[in-house]
Each structure stands twice: as structure tokens, then as C-alpha cells.
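Residues per chain, in single letters:
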There are 2 protein chains.
Amino acid sequence: MTDTGGGGRRRSETTRTAILAAARERFAADGYERATIRAIAKDANIDPSMVMRYYGNKEGLFAAAVSVDLKLPDLSRLPRPEVGEALVLHFLHLWEENEVLTALLRVGVTNQAGAERMQGIFGEQLLPLARQVCPDPEQHPTRAALIATQLLGLALTRYVLRLPPAVALRAEEVVAWLAPTVQRYLTAPNP
Amino acid sequence: MTDTGGGGRRRSETTRTAILAAARERFAADGYERATIRAIAKDANIDPSMVMRYYGNKEGLFAAAVSVDLKLPDLSRLPRPEVGEALVLHFLHLWEENEVLTALLRVGVTNQAGAERMQGIFGEQLLPLARQVCPDPEQHPTRAALIATQLLGLALTRYVLRLPPAVALRAEEVVAWLAPTVQRYLTAPNP
DNA sequence: CCGGTTTGCCAACGCTTGTTGGCCAACGCT
DNA sequence: AGCGTTGGCCAACAAGCGTTGGCAAACCGG
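Residues numbered from 1 in each chain as written. Chains lettered and ligands numbered in written order. Predicted model: local features only at pLDDT ≥ 70, side-chain atom pairs only at ≥ 80, totals over all residues. Heavy atoms only, no water.

1. Re helix 5 (residues 83–97) of chain B
Rules: Each helix is a run of DSSP H or I of at least 4 residues and each strand a run of E of at least 2, with the numbering of both proceeding from the N terminus. By this rule the span expected of a helix is its residue count minus one, scaled by 1.5 Å. Working rule for contacts: check all heavy atoms of both residues, and any pair within 4.5 Å makes them a contact.
Between the first and last C-alpha of helix 5 of chain B there are 21 Å, a value that for 15 residues agrees with the 21 Å anticipated at 1.5 Å per step. For helix 5 of chain B, the elements touching its buried residues are helix 6 (99–110), helix 7 (112–133), helix 8 (140–160) and helix 10 (171–187) of chain B.

Quick look at the structure:
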């Protein structure tokens, strides 16, 4: 088998990543159905058939293009009352620098596979976070879901639907308003 | 079949509404692109061409199928501290009895026209609500947007993405957790 | 310098989509 | 009864989709 080490890197790696970049952009902008392989290929300046060669089919391309690590911070090192603020701020930055999340949300809404992937990400990555803060293990899924409710709602209105007043909010305002909510979902006693 | 009564109403009214019902269901279940006119017509037991005759094109059908009145209650008659709870409860019922809202959300995420309609509905119908409670007119759009953030986030995770722990929550639990949030977005002083 | 592998494009297939126009049957009025 | 209007279906269209297979060129180890 060819090994990429040594003299010169294979050209294919270049276009492989070009395809992925174009795919992420299109999926984020248009959702699964409207993001056509032809359009993605044109953006990457190659032939549509190359996409198939490298990623098998459209689903494979989506799976390869959208792999998300939320990189959630370690909350146990923070003072208890600041965890809400830290989380909201982290998500805000994450979402603005990474169009993958928008793609995932757009696709998750109309596509079953996308929805399941979203479930996986927010289930598995948000859960340990609740584990760090809330003592009762029984409540972890509930609290993670509540946080997802607020954070995904923010992303939905601000980055996908683009409701004007939600877009107009400055980052500090968002944090000021939402941090107490997330803080409460994470640390408040069961009502 | 059911007689529409009177001196014999034109049969067209029957199929017109049958088409709308089928369209709502399909748009809610599949989103805009995957809800095909052919499938909608089959659900309504008529020919696809009839859909075109009655509604012009697919966009026209969507526009006709999805017209939403949130029927928001008059909050000014309620004791101040109960408005949050009333709102969350109202939305919960609204969403569970009316698949139009799911359709609208699904379509709004991938379709520009859908997004604009969503902007219209939540902008125009949530805004007067803030007007009833919050004194400063300058803050009304912001507060309406914040509420949309939380309520749409709930709908997204619970009814569209169907995140298991969000689905598992009982209505009373949802109200108990989310009411204080909405209450705060509505009535708390600007942070 | 040569033969096999890689990289890429082209052309086409089969299918589904929204959309159109023509034809037929039932109805309602006079 | 006769006639226009309406409700409905059928067949077809053009366009766009994901996907496939074959063929030319570039590359690279020997």
C-alpha cells in the first residue's frame, strides 16, 4: 500500500480535504437535500465522480464531513457559580468558529441519520458535564437535555433561523442572559 | 363520505382541505424538500396535478398549509409571577395538538421562505406579549427573542430531534424547569 | 525508460421531481 | 334535453439528482 511518508505527499489528500471543506460549507448553508454533490464538487473544483470515489456515496460524505468534538471544558476546576457562564461562552465561540455545528443542526432536522448523530453528540458529550457538577446520577440526562434545550435554541434562532433580535444580541448580552439559566439547569435542586 | 351540508357545497372544498391536511402532515414529518407533491396527493387520494390546480405550485401549497395563530393568552390578566408558567404550558399544549408548528420549524430550518415566515410569526406574535409585561419598549424585541430561544429550543429537542431525555420529560417537569427561565426573560431587570 | 498505480474528467444511466396540457365524466342551470 | 362549467385523471415533459464505468494523463518505483 502507498505510504504518504517520504518524498512527496499524494495530491489526493489535497482534494480530499477540499471536498470536505466544500461539503461542510454546503451542508451548513443548504441542509442535506439541497446540498448537491454536484455543487460541492464544483466548489472544490473537481468532478462529482471524485466525490463518489473518495467517500462512496452522499451519506458517507456527510459522515466524513461532520465529525464534531464539542471540546467541553473541565468544569470541576471552576468555581461553582461560574460554570453556567463558562458553558454559554464556550458554546458561543464554538458555534461561531465552526460551521460544522450549523451543518449538523440543519441536517439533523430533516434527516434521520443526522438527528441520531446529534443525539449521540449531545447525549455523550453533555452528559459527563452534568456528571461533574450534579451529584444525583439519576438527574444527569434530564439536566443535560435541559441545557441542550437552551443552547440549541440559541443556535437555532441566532444562526439558523436568524431571527433579527437574536442575531443583534452581542455576545456579552447573550452570556448575561443565558448563563443563569444554564447555571440553574446544571446546579439547582430538582424543583 | 361526509356531507358538508347545506344545498350541496362544491366537492372541491372537500379535497382542498384534504390536500391541506395531507400537506401539513407531510411537511411536519419530512420537511420541505422530502415532502413531495406526489406523496401529498397520494395521501389525499387525488392526482398530483390537482394540487397544482388549487395551489399553483409547491410554495403556494406550503404557504396555504402553514398558517399559524399562536393564540397567545392575555398575560395582563394574570398575576405577574405566573406569566412564565402560563406561557410554557400554553406552548406545550399548542405544540402537541398542532403539527403545523413542527412543519414550520422543520421547513424554516432548510427553506428561506420558511425561515422568514417563522420570523414573522414569532416576531409579531411574541412581541406584543413582551409589551404587556415589560415597561421599556426598547427591550421588547430582545426579550421576545430570548423567550423564542428557550421555547423553540424545547420544541427542537423534544419534537424534532427527539432527544430521548427531552422526550421523556413529563409536561409538569418541563413547566417546572422552564417557567422560571421564561419568567426571568420576560420580567427580570436588564442584567 | 517502462509498466502499474493513482488522479481526474467525461458521458451517460436510471430515477424522481415539479409542472403542464389535454381529455373525460359529472354536475347544474335554463 | 342541451350546454357550459367544474372536478378529476392520465400521460408526458424538462430538469436535476445520485451514481457508474470507461478512458486519458500524470506520477513513480524499478
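2. Remarks on the nonpolar core
Among soluble globular proteins, nonpolar side chains are generally buried collectively. The following threshold applies: In this description, a nonpolar core means a group of buried Ala, Val, Leu, Ile, Met, Phe, Trp, Tyr and Cys residues linked to one another through side-chain atoms lying within 4.5 Å. The rule is simple: take the accessible area with a 1.4 Å probe, protein chains only, and divide by the maximum for that residue type; under 20% is buried, over 50% is exposed, in between is partly exposed.
Ranked by size, the top nonpolar core spans 134 residues in total, and within it Phe27 and Phe122 of chain A together with Phe27 and Phe122 of chain B carry the most contacts. Those residues in contact with Phe122 of chain B that lie beyond four places of it in its chain are Leu70, Phe91, Trp95, Leu127, Ala148 and Leu152 of chain B.

3. Describing the packing of helix 5 of chain B against helix 6 of chain B
All names here are of chain B. This is how it is decided: The angle between two axes is taken between their N-to-C directions and runs from 0 to 180 degrees, where each axis is a line fitted to C-alpha atoms and a helix contributes only its stretch in contact. For classification purposes, an angle smaller than 35 degrees is called roughly parallel, one larger than 145 roughly antiparallel, one from 65 to 115 roughly perpendicular, and anything else oblique. Residue polarity follows a fixed list, in which Ala, Val, Leu, Ile, Met, Phe, Trp, Tyr, Cys and Pro are nonpolar, Asp, Glu, Lys and Arg are charged, and the others, Gly among them, are polar.
Orientation of helix 5 relative to helix 6, taken along the N-to-C sense of each, is 90 degrees, at an axis distance of 5 Å. Classified by the interaxial angle, the pair formed by helix 5 and helix 6 is roughly perpendicular. Two secondary-structure elements touch here, helix 5 through Leu94, Trp95 and Glu97 and helix 6 through Glu99, Leu101, Thr102 and Leu105. Per-class residue counts for the contact of helix 5 with helix 6 are 4 nonpolar, 1 polar and 2 charged.

4. Structural notes on unusual backbone geometry
All names here are of chain B. In this structure, Lys71 takes a positive phi of about 50 degrees despite not being glycine. Relative to the elements of secondary structure, Lys71 occurs in the loop between helix 4 (58–65) and helix 5. Of note, Arg162 is a non-glycine position whose phi angle comes to about 55 degrees, a positive value.

5. A closer look at the domain arrangement of chain A
All names here are of chain A. Counted only if it meets this: Domain extents, as shown, originate in an automatic or database domain assignment. When two parts are put together, the accessible area they lose, computed with a 1.4 Å probe and summed over both, is reported as buried area. As used in this structure description, the phrase polar contact means that two N or O atoms lie within 3.5 Å; if the pair is within protein, one of them must be able to donate a hydrogen and the other to accept it, and residues adjacent in sequence are counted only when both atoms belong to side chains.
Once the domains are mapped, chain A shows domain 1 (11–65) and domain 2 (75–187). On the domain 2 side, the residues contacting the 13 residues of domain 1 number 11 residues. Approximately 910 Å² of surface area, both sides summed, lies buried where domain 1 meets domain 2, with 64% of it carried by carbon and sulfur atoms. Looking at the side of domain 1 facing domain 2, the largest losses of area belong to Ala28, Tyr32 and Phe62, adding up to 49% of the total buried there. Our enumeration of links across domain 1 and domain 2 arrives at 1 residue pair in polar contact (both at pLDDT 80 or more). Of all the elements in the fold, those that place two or more residues in the side of domain 1 that touches domain 2 are helix 1 (11–34) and helix 4 (58–65).

6. Overview of the protein's contact with DNA strand D
Let me state the cut-off plainly: In this text, near means that some heavy atom of the residue lies within 4 Å of the molecule or strand in question.
Among the 22 residues in the neighbourhood of DNA strand D, the closest are listed as Thr36, Arg38 and Lys58 of chain A together with Asp47 and Arg53 of chain B. Sugar plus phosphate, as a fraction of atoms of DNA strand D within 4 Å of the protein: 51%. At 3.5 Å from a base nitrogen of DNA strand D is found a side-chain nitrogen or oxygen belonging to Arg38 of chain B. The contact in question runs from a phosphate oxygen of DNA strand D to an N or O atom on the side chain of Tyr54 of chain B, over 3.2 Å. Per-element tally for the surface near DNA strand D: the top contributor is helix 3 (residues 48–55) of chain B, with 4 residues. Classifying every residue of the surface near DNA strand D gives 6 nonpolar, 7 polar and 9 charged.

7. Some thoughts on the relation of the copies chain B and chain A
Applied cut-off: Here the copies were fitted onto each other by least squares, based on C-alpha atoms from residues at pLDDT of at least 70 in both.
With an RMSD of 0.1 Å, chain B superimposes on chain A once it is rotated by 180 degrees and translated 0.0 Å along the axis. What we have between these two chains is a two-fold relation. For chain B, the minimum C-alpha distance to the rotation axis belongs to Gly153 of chain B and amounts to 1.7 Å. Interface residue correspondence from chain B to chain A reaches 100%, placing this contact among same-surface, isologous pairings.

8. Overview of the side chain of Thr102 of chain B
Residues and elements named next belong to chain B. Residue placement: Thr102 occurs in helix 6. Taking the relative accessible area as the measure of exposure, Thr102 reaches 10% and is therefore buried. Not counting the four nearest positions on each side in its chain, Thr102 is found in contact with Ala28, Trp95, Tyr159 and Val160.

9. Concerning the environment of Ala171 of chain A
Residue and element names in this part refer to chain A. Mapped onto the fold, Ala171 is located in helix 10 (residues 171–187). With relative accessibility at 30%, the residue Ala171 sits in the partly exposed group. As a C-alpha pair, Ala171 and Thr181 span 10 residues in sequence and 16 Å in three-dimensional space. Once residues lying within four places of it in the same chain are set aside, the contact partners of Ala171 are Leu92 and Arg158.

10. Things to note about the packing of aromatic side chains
Geometry of an aromatic ring pair is reported as the spacing of the ring centres plus the angle between the planes. Stated formally: For Phe, Tyr and Trp, rings pair up if their centres lie within 6.5 Å, where Trp contributes its six-membered ring, and each pair is then called stacked (planes under 30 degrees apart), edge-to-face (over 60) or tilted (otherwise).
Scanning all chains against the criterion turns up 14 aromatic pairs over all chains. Between Phe27 of chain A and Phe62 of chain A the ring centres are 5.2 Å apart and the planes differ by 85 degrees, which places this aromatic pair in the edge-to-face class. With Phe27 of chain A in helix 1 and Phe62 of chain A in helix 4, this residue pair connects regions lying 35 residues apart in the sequence. The burial state of Phe27 of chain A is the same as that of Phe62 of chain A; both residues are buried. Between the aromatic rings of Trp177 of chain A and Tyr185 of chain B, the centroid separation amounts to 6.0 Å while the plane-to-plane angle is 80 degrees, which identifies the pairing as edge-to-face.

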